[in-house]
There are 2 protein chains.
Amino acid sequence: MPFTYSIEATRNLATTERCIQDIRNAPVRNRSTQFQLAQQNMLAYTFGEVIPGFASAGINGMNYRDVIGRPVENAVTEGTHFFRDDFRVDSNAKAKVAGDIFEIVSSAVMWNCAARWNSLMVGEGWRSQPRYSRPTLSPSPRRQVAVLNLPRSFDWVSLLVPESQEVIEEFRAGLRKDGLGLPTSTPDLAVVVLPEEFQNDEMWREEIAGLTRPNQILLSGAYQRLQGRVQPGEISLAVAFKRSLRSDRLYQPLYEANVMQLLLEGKLGAPKVEFEVHTLAPEGTNAFVTYEAASLYGLAEGRSAVHRAIRELYVPPTAADLARRFFAFLNERMELVNG
Amino acid sequence: MPFTYSIEATRNLATTERCIQDIRNAPVRNRSTQFQLAQQNMLAYTFGEVIPGFASAGINGMNYRDVIGRPVENAVTEGTHFFRDDFRVDSNAKAKVAGDIFEIVSSAVMWNCAARWNSLMVGEGWRSQPRYSRPTLSPSPRRQVAVLNLPRSFDWVSLLVPESQEVIEEFRAGLRKDGLGLPTSTPDLAVVVLPEEFQNDEMWREEIAGLTRPNQILLSGAYQRLQGRVQPGEISLAVAFKRSLRSDRLYQPLYEANVMQLLLEGKLGAPKVEFEVHTLAPEGTNAFVTYEAASLYGLAEGRSAVHRAIRELYVPPTAADLARRFFAFLNERMELVNG
DNA sequence: AGTCCACCGGGGGACT
DNA sequence: AGTCCCCCGGTGGACC
């Protein structure tokens, strides 16, 4: 399972493990798709033994856009190898898969950061390979975190402890009388304080070696373990991943950040909700301006401590930069948690 | 310029007027586009003598999705005629053009509605062809409206009179001190009260006969005439057009409606801002739920008159339905304007 | 010629 | 097998 395409590795794959699935004889109803980009196989192929930022110096310091582009590149090489001139995938297929890969790989990088951080927090010291500077915050098992890659269709409110969900439910019940609502959806990823009952579990301190299918399932299913167990102030960071930007595609995170701030800060007394957006291709400067928008709830309340809805639009140059930045964030933000 | 593809009509077009432009020998830098869907030519071809809702009964009552799909259909027919197997356009090209056509044609329907409405308002009586039921509001020249199809990159604040822009600017100046902002963008269309200085102009009462290029320019440039001349309470309706929906593509209108409500209702004392979304393919019911969201500004203020940010997600069955609904809206909303 | 803007439909996977 | 979810890149035109 090489990061760099290998004809030998490809040859050894069972057809069900290949990156390209030929569905010309088993078409999906109402679609003309001939070949599918098997996203999970692609991740296992290219990142089966590699988590960027926790791999070789070459990969850790490689342009992150190129790293994220590699699975599609490898898949296209495979498809061309097996199907020659017949091979074709729609640009929308590549777009969909590239977007998911950016999200899943970045989540894996942050998962490993969290594992390393947690290991420091329980007093195991600071792992040295690959080298990142040691955080300065004084270690405490209560300052461990969980990185949750949230699934499609998720509702971040379901992470909260029942009492907090109840507060939100009552608020909504009041709105419903007037035919109103305040539906919540989700960021792509949430970093939360690891609940007390998990603070001795080793799994939260184990760095994964690659995105094999079992590891994919571990990461994508992790959120289920924490549903109903997070205090409002323990949602430490929310992230939206967008491989590239368009001016019309900026608003789901901006709106959701506003709603989270209204509910968590306004109704549940949580500290500032940190919501950021990651991209590899901002395409101009307009997005940075859009994301200077003040959080509407704070504005309306006329509070003194008004802040942006989106804390930052971040363009990771390399996986190592992403990791460094996340460590720095944890070092600062986790000070809020009593050690 | 037929609504139904005509080989004769196509044959008579100069190559610059054709719906398909062959750019294989003049490629756009960094693009692989071979044939362009000349959107403005397509509108002139299919709708050059037709404004749905103001045309024959067959077109007025035709499934609006099919009406809106016709320009691309005709263009593909033309392209296949001239270029046979060489002809290909990316689905993203069709997507872009179909979206713009939905916006421009719907704006034209509403433009003609406004013309008919205005004619009634200045005492010229109610035009009878095609037949729509006569509004009941007592006519007044001050109750005329302008339908503005707003361009890309627009800022709706620029419509407002200088005093109101000044209020917003001061509010923003306060935010800027904290590194914050509250940028505004735009709905696709705004219906505003026709300013006094235009209330005798005939152009606002003239129904257009079709989307010839000059008429396209008239409609798309109309907003320039009203910039700086609209009172905050005179933005009667804002519309976002989305030919089809996806759950991630709902939020620009939702967010912008919230910002408009904060600024117009909250800072400028305007009555309820009516912002709606039109689509031809909602794809499930989720969007209807998302758009039940209460306006965040009203919520935070704890005002009594909280309302939805988006008043309605509307799926026009036919152009005639769209026209009828707009007349009904005007009949109700324009009562707010002193006659 | 170059840059920016905002359009949306074809998607792989989760779930039923 | 059917439905839903949320991914984004290729676009025609405006403006420079």
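Residues numbered from 1 in each chain as written. Chains lettered and ligands numbered in written order. Predicted model: local features only at pLDDT ≥ 70, side-chain atom pairs only at ≥ 80, totals over all residues. Heavy atoms only, no water.

1. Focus on the interface of chain B and chain A
Opposite the 32 residues of chain B that make contact, chain A presents 32 residues. Both sides of the chain B and chain A interface together cover about 2,600 Å² of buried area, and 69% of this is carbon and sulfur. The largest contributions to the chain B side of the interface with chain A come from Tyr251, Tyr255 and Leu296 of chain B, which together make up 25% of the buried area. Our count for the chain B to chain A interface comes out at seven residue pairs in polar contact (both at pLDDT 80 or more). (Contact = heavy atoms within 4.5 Å. Buried area = accessible area lost by both parts, 1.4 Å probe. Polar contact = N/O pair within 3.5 Å; in protein donor to acceptor, adjacent residues only side chain to side chain.)

2. Notes on the domain arrangement of chain A
Residues and elements named next belong to chain A. Taken domain by domain, chain A holds domain 1 (7–101) and domain 2 (129–336). On the side of domain 2, 20 residues touch domain 1, which itself brings 22 residues to the contact. Both faces considered, domain 1 and domain 2 share a buried interface measuring about 1,700 Å² in area, 63% of it formed by carbon and sulfur atoms. When the buried area of domain 1 at its contact with domain 2 is split by residue, Ile51, Phe54 and Tyr64 rank highest and sum to 33% of it. Connecting domain 1 to domain 2 are one salt bridge. Of the charged contacts, one joins Asp100 and Arg152 as a salt bridge, the two residues approaching to 3.3 Å between their closest N and O atoms. In this structure, the connection of domain 1 to domain 2 is made through eight residue pairs in polar contact (both at pLDDT 80 or more). Mapped by element, the contributors of at least two residues to the side of domain 1 that touches domain 2 are helix 2 (39–47), helix 4 (64–83) and helix 5 (91–121). (Domains from an automatic or database assignment. Salt bridge = Lys/Arg side-chain N within 4 Å of Asp/Glu carboxyl O. Helix = DSSP H or I, 4+ residues; strand = E, 2+ residues; numbered from the N terminus.)

3. Concerning the protein's contact with DNA strand C
Taken together, 34 residues lie around DNA strand C, and Thr33, Asn92 and Ser247 of chain A together with Arg243 and Ser244 of chain B are the ones closest in. Across the atoms of DNA strand C situated within 4 Å of the protein, the share located in sugar and phosphate is 59%. One of the backbone N or O atoms of Arg243 of chain B is found 2.5 Å from a phosphate oxygen in DNA strand C. Between DNA strand C and Arg246 of chain B there is a distance of 2.9 Å, counted from a base oxygen to a side-chain nitrogen or oxygen. Of all the secondary structure elements, the ones that give two or more residues to the surface near DNA strand C are strand 2 (35–37), helix 2 and helix 5 of chain A together with helix 5 (91–121) and strand 5 (235–244) of chain B. The leading source of residues in the surface near DNA strand C is helix 5 of chain B, at five residues. A breakdown of the residues in the surface near DNA strand C according to their chemical character gives six nonpolar, 11 polar and 17 charged. (Near = heavy atom within 4 Å. Nonpolar A, V, L, I, M, F, W, Y, C, P; charged D, E, K, R; others polar.)

4. Considering the nonpolar core
If you look at the biggest cluster of nonpolar residues, it comprises 231 residues, and the most contacted ones within it are Tyr64 and Leu182 of chain A together with Tyr64 and Leu182 of chain B. With near-sequence residues (within four places) excluded, Leu182 of chain B lies in contact with Ala294, Leu296 and Leu299 of chain A together with Phe171, Arg172, Leu175, Tyr255, Val259, Leu262 and Leu263 of chain B. (Core = buried A, V, L, I, M, F, W, Y, C linked by side-chain atoms within 4.5 Å. Buried < 20%, exposed > 50% of the residue type's maximum accessible area, 1.4 Å probe, protein only.)

5. Points about the sheet that holds strand 6 (residues 275–281) of chain B
Residues and elements named next belong to chain B. Taken in spatial order, the five strands make up an open sheet running 3-4-5-6-7, and their pairing is mixed. A single partner strand is all that each edge strand has here, and the edge strands are strand 3 (145–149) and strand 7 (312–314). Geometrically, the sheet is characterised by an average inter-axis angle of 20° between neighbouring strands, direction not taken into account. Relative to strand 4 (residues 189–193), strand 3 runs antiparallel, the two sharing five bridges. Bridge pairing links Asn149 to Leu189 in strand 4. Packing against the sheet, helix 11 (residues 319–333) makes contact with strand 3, strand 4, strand 5, strand 6 and strand 7, and its axis sits at approximately 160° to strand 5. (Pairing = 2+ DSSP bridges. Axes fitted to C-alpha atoms, helices over the stretch in contact; angles between N-to-C directions.)

6. Considering the sheet that holds strand 6 (residues 275–281) of chain A
Residue and element names in this part refer to chain A. If you walk across this open sheet you meet the five strands as 3-4-5-6-7, and the pairing is mixed. The sheet is open, and its two edges are formed by strand 3 (145–149) and strand 7 (312–314), each paired on a single side. For this sheet the average axis-to-axis angle between neighbouring strands, irrespective of direction, equals 20°. Bridge count for strand 4 (residues 189–193) against strand 5 (residues 235–244) is four bridges, and the pairing is antiparallel. Bridge pairing in strand 5 places Val191 opposite Leu237. Relative to the sheet, helix 11 (residues 319–333) contacts strand 3, strand 4, strand 5, strand 6 and strand 7, its axis offset from that of strand 5 by approximately 160°.

7. What about the protein's contact with DNA strand D?
The immediate surroundings of DNA strand D are formed by 33 residues, with Ser153, Arg243, Ser244 and Arg249 of chain A together with Asn92 of chain B found nearest. The side chain of Arg246 of chain A places a nitrogen or oxygen atom 2.8 Å from a base oxygen of DNA strand D. Within the side chain of Arg249 of chain A, an N or O atom sits 2.7 Å from a base oxygen of DNA strand D. Residue assignment for the surface near DNA strand D shows that the elements contributing at least two residues are helix 5 and strand 5 of chain A together with strand 2 (35–37), helix 2 (39–47) and helix 5 of chain B. Of the residues forming the surface near DNA strand D, the biggest block, five residues, is contributed by helix 5 of chain A.

8. Considering the UniProt feature "binding site: Ca(2+) 1" (unreviewed entry) in chain A
Residue and element names in this part refer to chain A. When the UniProt feature table is mapped to this numbering, "binding site: Ca(2+) 1" (unreviewed entry) covers Asp90. Position of Asp90 relative to the elements: it lies in the loop between helix 4 and helix 5. Given a relative accessible area of 34%, Asp90 falls into the partly exposed group. A polar atom in the side chain of Asp90 sits 2.7 Å from the backbone nitrogen of Asn92. (UniProt positions renumbered as here; feature names shortened; annotations may be inferred.)

9. Some words on helix 6 (residues 162–176) of chain B
Because an α-helix completes one turn every 3.6 residues, residues spaced three or four positions apart along the sequence face the same direction. Residues and elements named next belong to chain B. End to end, helix 6 covers 20 Å across 15 residues, agreeing with the expected 21 Å (1.5 Å per residue, within 8%). Regarding helix 6, the residues found buried are Ser164, Ile168, Phe171, Arg172 and Leu175. Down the axis of helix 6, the smallest arc covering the buried residues is 100°, so these residues share one side. Exposed residues lying more than 90 degrees from the buried face of helix 6 are Pro162, Glu163 and Glu170. (Expected span 1.5 Å × (residues − 1). Arc of directions from axis to C-beta.)

10. Here we look at helix 5 of chain B
All names here are of chain B. For helix 5, spanning 31 residues, the distance from its first C-alpha to its last is 44 Å, which sits close to the expected 45 Å at 1.5 Å a residue. Counted residue by residue, helix 5 has 23 buried out of 31 residues, so it is predominantly covered. Two to three positions downstream of the cap, the backbone nitrogen of Asn92 sits 2.8 Å from a side-chain oxygen, assigning the N-cap of helix 5 to Asp90. At the C-terminal side of helix 5, Gly123 shows a positive phi close to 90°.

11. Concerning the side chain of Glu78 of chain A
Residue and element names in this part refer to chain A. The residue Glu78 is located in helix 4 in this model. Buried charge without a salt bridge: Glu78, with Arg18 as the nearest opposite-charge side chain at an N-O distance of 5.0 Å. Excluding its chain neighbours within four sequence positions, the residues that come into contact with Glu78 are Tyr5, Thr10, Leu13, Arg18, Cys19 and Ile20. (Lys, Arg positive; Asp, Glu negative; His and termini not counted.)

12. Brief notes about the confidence of the model for chain A
Looking at chain A as a whole, the pLDDT averages 97, with 99% of positions reaching at least 70. When pLDDT is averaged over each helix and strand of chain A, the minimum, 82, is found for helix 10 (residues 296–301) of chain A and the maximum, 99, for strand 4 of chain A. (pLDDT = per-residue confidence, 0-100.)

13. Some words on the packing of helix 4 of chain A against helix 5 of chain A
Residue and element names in this part refer to chain A. One way to put it is that helix 4 packs onto helix 5 with a least axis distance of 10 Å and a crossing angle of 130°. One finds that helix 4 runs oblique with respect to helix 5. Where helix 4 crosses over helix 5, the handedness of that crossing is right-handed. The residues of helix 5 that touch helix 4, namely those facing Tyr64, Ile68, Pro71, Val72 and Val76, are Lys94, Val97, Ala98, Ile101, Phe102, Val105, Ser106 and Val109. By residue class, the composition of the contact of helix 4 with helix 5 is 11 nonpolar, one polar and one charged. (Parallel < 35°, antiparallel > 145°, perpendicular 65-115°, else oblique. Left-handed = near helix turned anticlockwise from the far one by under 90°.)

14. Quick notes on the relation of the copies chain B and chain A
Superposition record for chain B on chain A: RMSD 0.0 Å, screw rotation 180°, translation along axis 0.0 Å. Here the two chains are linked by the operation of a two-fold rotation axis. With an isologous cut-off of 70% or more, the 100% of interface residues of chain B that recur at the interface of chain A puts this contact in the isologous class. (Least-squares fit on C-alpha atoms with pLDDT ≥ 70 in both.)

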